[in-house]
Amino acid sequence: MQRIRLRYTKRGRLRFTSHRDFQRAFERALRRAEVPMAYSAGFTPHPKVSYANAAPTGTGSEAEYLEIALTRTRDPETLRALLDESLPAGLDITDAVEARTSGLADRLTASVWELRLEGVTVEDAEKAVAAFLAAETVEVQRKTKNGVRTFDARSAVTELTAALPQGDPQGDRPLDSACAILRLVVRHVTPAVRPDDVLSGLRAVADLAPPVPAAVTRLAQGLFDEESGTVTDPLAPDREAVTAAPTTAAATASATAPGAGTA
């Protein structure tokens, strides 16, 4: 059995697709691309696909991850291209690597988000950001299936900045009005702190309330590096293992060859 890890996007209007919608589209793409999928056992077998930390409905993303199990070996790049052709534009498979390490989900410990605030000036956004970062705790409320829950949105945030827009990554927002871009790095904690929770916190500490809903895009997710404060590529360990494998195999073969180590 071979395992392949894929990175995919939710762009433009397809950010409004739910996770279940994507699951259905992806399983159809697997059939169209004739991928030799491994299936679960039992009365209702289903393709072995593992999804990791999917973005909420309504948010765009450049960094979603999943893993599939195959019954026959396939080249990851060829497989990526076939699946990308079989999915609608906006749901794009951008990277593929053979899984050579364990614990992909364990390497998704933080996310980088972009929040586009139409109708908000950069000056107002900067003041709200400063107030948010200066606070020790910022309590927000979220409605759950068990009722309204109150939790701290400040402790999970490691970086929050405001800047002018450099264009519209989603391609469907006006560019001729006041607009501020927030860049947010947030740890994956329990309870999870989402971009809309941070927006609720900005409203609580600085009365910042965008006149239209924010356009939210996940730019990256991966392991949070404490020293640099950056979010690293979660597929990098698999790439490094693939690169090192031929060298290791050659060294082993040389060491075990007849006459090795003799003068």
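Cut-off values and rules
Position labels on residues start from 1 in each chain and follow its written sequence. Local features in a predicted model are, by the rule used here, given only for residues with pLDDT of at least 70; side-chain atom pairs are given and counted only at 80 or more, and totals for whole chains, interfaces and linings are based on all residues. Only hydrogens and water are removed before side-chain values are computed, so all heavy atoms of the structure are retained for them. Working convention: axes come from line fits to C-alpha atoms, limited for helices to the stretch in contact. Angles between N-to-C directions cover 0 to 180 degrees. Per the convention used, a helix needs a DSSP run of H or I reaching at least four residues, while a strand needs a run of E reaching at least two, with both numbered from the N terminus. Orientation categories follow fixed angle ranges, with anything under 35 degrees roughly parallel, anything over 145 roughly antiparallel, 65 to 115 roughly perpendicular, and all other angles oblique. Throughout, a residue-residue contact means that at least one pair of heavy atoms, one from each residue, lies within 4.5 Å. Just so you know the grouping, Ala, Val, Leu, Ile, Met, Phe, Trp, Tyr, Cys and Pro go in nonpolar, Asp, Glu, Lys and Arg go in charged, and all remaining residues, Gly too, go in polar. In the sections that follow, a salt bridge refers to a side-chain nitrogen of Lys or Arg positioned within 4 Å of a carboxyl oxygen of Asp or Glu. For every residue, the accessible area obtained with a 1.4 Å probe (protein chains only) is divided by the maximum for its type, and the residue is called buried under 20%, exposed over 50%, and partly exposed between those limits. Stacked, edge-to-face and tilted labels apply to pairs of Phe, Tyr and Trp rings (six-membered ring for Trp) whose centres lie within 6.5 Å, assigned for plane angles under 30 degrees, over 60, and everything in between, in that order. With a 1 Å grid spanning the protein atoms alone, the term cavity applies to any set of points in which a 1.4 Å probe fits but cannot get out, the term pocket to an open set with protein on both sides within 12 Å along at least five of seven lines, and the term lining residue to any residue with an atom within 4 Å of a point. Grid points are joined across faces, edges and corners, and a volume is the space filled by probe spheres set on the points. What the arc covers is the set of directions going from the helix axis to the C-beta atoms. Between the first and last residue of a helix there are one fewer steps than residues, each counted as 1.5 Å, and that sum is the expected span. Here pLDDT means the predictor's own confidence in every residue, given as a number from 0 to 100.

A. Focus on the packing of helix H3 (residues 122-134) against helix H4 (residues 195-206). Close contact between H3 and H4 brings their axes to 9 Å; oriented N to C, the two are set at 95°. Here H3 is positioned roughly perpendicular relative to H4, judged by the angle of their axes. Seen from H3, the contacting residues are Ala128, Val129, Ala131 and Phe132; seen from H4, they are Val198, Gly201, Leu202, Val205 and Ala206. Grouping the amino acids of the contact of H3 with H4 by side-chain chemistry returns eight nonpolar, one polar and no charged.

B. The pattern of salt bridges, seen in detail. Here the structure, examined in full by the defined rule, presents 16 salt bridges. Between arginine 116 and glutamate 118 there is a salt bridge; the shortest N-O distance is 2.9 Å. The residues arginine 116 and glutamate 118 share a single accessibility class, namely buried. Its salt-bridge partner being arginine 183, residue glutamate 159 comes within 2.7 Å of it at the nearest N-O pair. Of this pair, glutamate 159 sits in strand E8 (residues 157-163) while arginine 183 sits in strand E9 (residues 179-187), placing them 24 residues apart in sequence.

C. Representation of the environment of proline 47 in the model. With respect to the helices and strands, proline 47 occurs in the loop between helix H1 (19-32) and strand E2 (49-52). Distance from proline 47 to alanine 69, taken between C-alpha atoms, is 8.0 Å for residues 22 residues apart in sequence. Among residues more than four places away in sequence, those in contact with proline 47 are Glu27, Met37, Ala38 and Tyr39.

D. Here's a closer look at the packing of aromatic side chains. Tallying each qualifying case throughout the model produces three aromatic pairs. For the ring pair tyrosine 8 and phenylalanine 22, a centre distance of 4.1 Å and an interplane angle of 5° mean the geometry is stacked. Of the two residues, tyrosine 8 sits in strand E1 (residues 2-10) while phenylalanine 22 sits in helix H1, which places them 14 residues apart along the sequence. Judged on exposure class, the residue tyrosine 8 and its partner phenylalanine 22 are both buried. A ring pair is formed by phenylalanine 22 and tyrosine 51, whose centres lie 6.2 Å apart and whose planes are at 80°; its orientation type is edge-to-face. Residue phenylalanine 22 is located in helix H1, and its partner tyrosine 51 is located in strand E2; the two are separated by 29 residues in the primary sequence. An aromatic cluster of at least three residues, connected via ring pairs, comprises Tyr8, Phe22, Phe26 and Tyr51.

E. Highlighting the layout of surface pockets. Volume-wise, the largest pocket comes out at about 190 Å³. In terms of lining, the largest pocket is formed by 14 residues, of which the most central are Asn53, Ala192, Val193, Arg194 and Arg218. Looking at the lining of the largest pocket, the elements with two or more residues in it are strand E5 (110-118) and E9. Residues that form the lining of the largest pocket fall into these classes: eight nonpolar, three polar and three charged.

F. Geometry of helix H2 (residues 76-86). Along H2, the residues that are buried comprise Pro76, Leu79, Arg80, Leu83 and Ser86. One face of H2 carries all of its buried residues, which in axial projection span an arc of 130°. For H2, the secondary structure elements touched by its buried residues are E1, H1, strand E3 (60-70) and strand E4 (93-98).

G. Structural view of empty space enclosed by the protein. This model, assessed by the stated rule, comprises one cavity of 30 Å³ or more. Its volume calculated, the largest cavity comes out at about 40 Å³. Around the largest cavity, the lining residues are Tyr8, Lys10, Ser18, His19, Phe22, Ala54, Ala55 and Glu64. Of all elements in the fold, only E1 and H1 reach the threshold of two or more residues within the lining of the largest cavity.

H. Structural detail: H3. Along its 13 residues, H3 runs 18 Å from first to last C-alpha, staying within 8% of the 18 Å computed at 1.5 Å per residue. On its buried side, H3 packs onto E8, E9 and H4.

I. Representation of the confidence of the model for the protein chain within the structure. Looking at the protein chain as a whole, the pLDDT averages 90, with 89% of positions reaching at least 70. Taken together, the stretch residues 247-256 has pLDDT below 50 and engages in two contacts with residues farther than four places along the chain or on a different chain.

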